[in-house]
Amino acid sequence: SGATFTQSGTMNASAITAGTLAVARGGTGTTAYTAGITVADQWRITSDLAFSTAATAQLISSNLEQIDAAWNGTIGTAMSVSSGLFTFPSTGIYDVQFVINMYRDNHMNGYCGGQIQATTNDSAYSVATFQYQHLPDTSGVNASVFMNVLIDVTSTANVKVKFMLIGEDSGGFSARGNSSDNSTYMTFKRLGDT
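Scoring rules and cut-offs
Residues numbered from 1 in each chain as written. Predicted model: local features only at pLDDT ≥ 70, side-chain atom pairs only at ≥ 80, totals over all residues. Heavy atoms only, no water. Core = buried A, V, L, I, M, F, W, Y, C linked by side-chain atoms within 4.5 Å. Buried < 20%, exposed > 50% of the residue type's maximum accessible area, 1.4 Å probe, protein only. Helix = DSSP H or I, 4+ residues; strand = E, 2+ residues; numbered from the N terminus. Pairing = 2+ DSSP bridges.

Caption draft 1: Examining the nonpolar core more closely. Residues Phe 88, Phe 163 and Phe 188 are the most contacted members of the largest nonpolar core, which totals 34 residues. Elements that contribute at least two residues to this core include exactly β1 (40-45), β7 (92-104), β8 (110-119), β10 (142-153), β11 (160-167), β12 (173-175) and β13 (185-192). Counting residues per element, this core draws most heavily on β10, which supplies six residues.

Written as structure tokens, this is what we have:
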């Protein structure tokens with residue numbers, strides 16, 4: 001008690017096995033530590049995808065790839081996908097984002113957009129979030145929508161998501177896709193424990 005500790009050389013923090021480091025000294029004030037983001041992953045469609053069914057949600061189930069560009073950064077284990085159904089690599093709270101870049105390729109008036117749908121029982125999906133954009137009756141018009149939702153992944157076997165396109169008219173809209181840049185894409189970030 002009352003002694004002064006002088007350290008010469010390097011102190012190895014891995015040797016500290018008990019106690020807490022005060023917040024004022026850069027610690028958390030707790031004995032437990034939870035890692036930050038442990039999963040960050042992006043996927044995209046590799047070619048344009050036409051909206052094929054009027055006013056009916058259409059599953060994106062093909063031309064999907066994990067982004068593989070030299071500039072891409074991924075953290076942890078990747079998502080996996082089968083027939084358009086995305087499986088999470090671990091439990092936790094995830095921020096799921098969906099960006100669609102769309103264009104009208106003929107003179108059809110109406111809305112277009114998309115949905116993120118989720119299930120908690122690997123069976124019944126419901127709309128978790130959606131965004132639509134109304135495009136005027138002019139060909140060559142471009143628009144984009146962004147949506148995101150927090151998903152509580154309590155089970156990697158049962159909690160899954162899928163991505164949908166929906167347009168008021170069939171054949172009049174397409175989602176942009178490319179294998180070298182992010183035109184229509186999905187982002188998954190694990191924010192913390194469930």
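Caption draft 2: Spatial organisation of the pairing of β8. Where burial is concerned, most of β8 is hidden: nine out of the ten residues are buried. With nine bridges connecting them, β8 and strand β9 (residues 126-135) associate as antiparallel partners. The residue bridging Tyr 111 from the neighbouring strand is His 134, located in β9. Connecting β8 to the next strand, β9, in antiparallel fashion are six residues, including Asp 122 with a positive phi near 60°. Looking at chain direction, β8 and β11 are connected through eight bridges and run antiparallel. Bridge pairing in β11 places Gln 117 opposite Lys 162.

Caption draft 3: How the structure looks around unusual backbone geometry. A positive phi is found at Asn 63, a non-glycine position, where the angle reads about 55°. As for its position among the elements, Asn 63 is in the loop between β3 (58-59) and β4 (64-66). In this structure Asn 63 comes out as partly exposed when scored by relative accessible area, which is 38%. Backbone geometry places Ser 83, a non-glycine residue, at a positive phi of 55°. Locating Ser 83 in the fold gives a position in the loop between β5 (80-82) and β6 (85-87).

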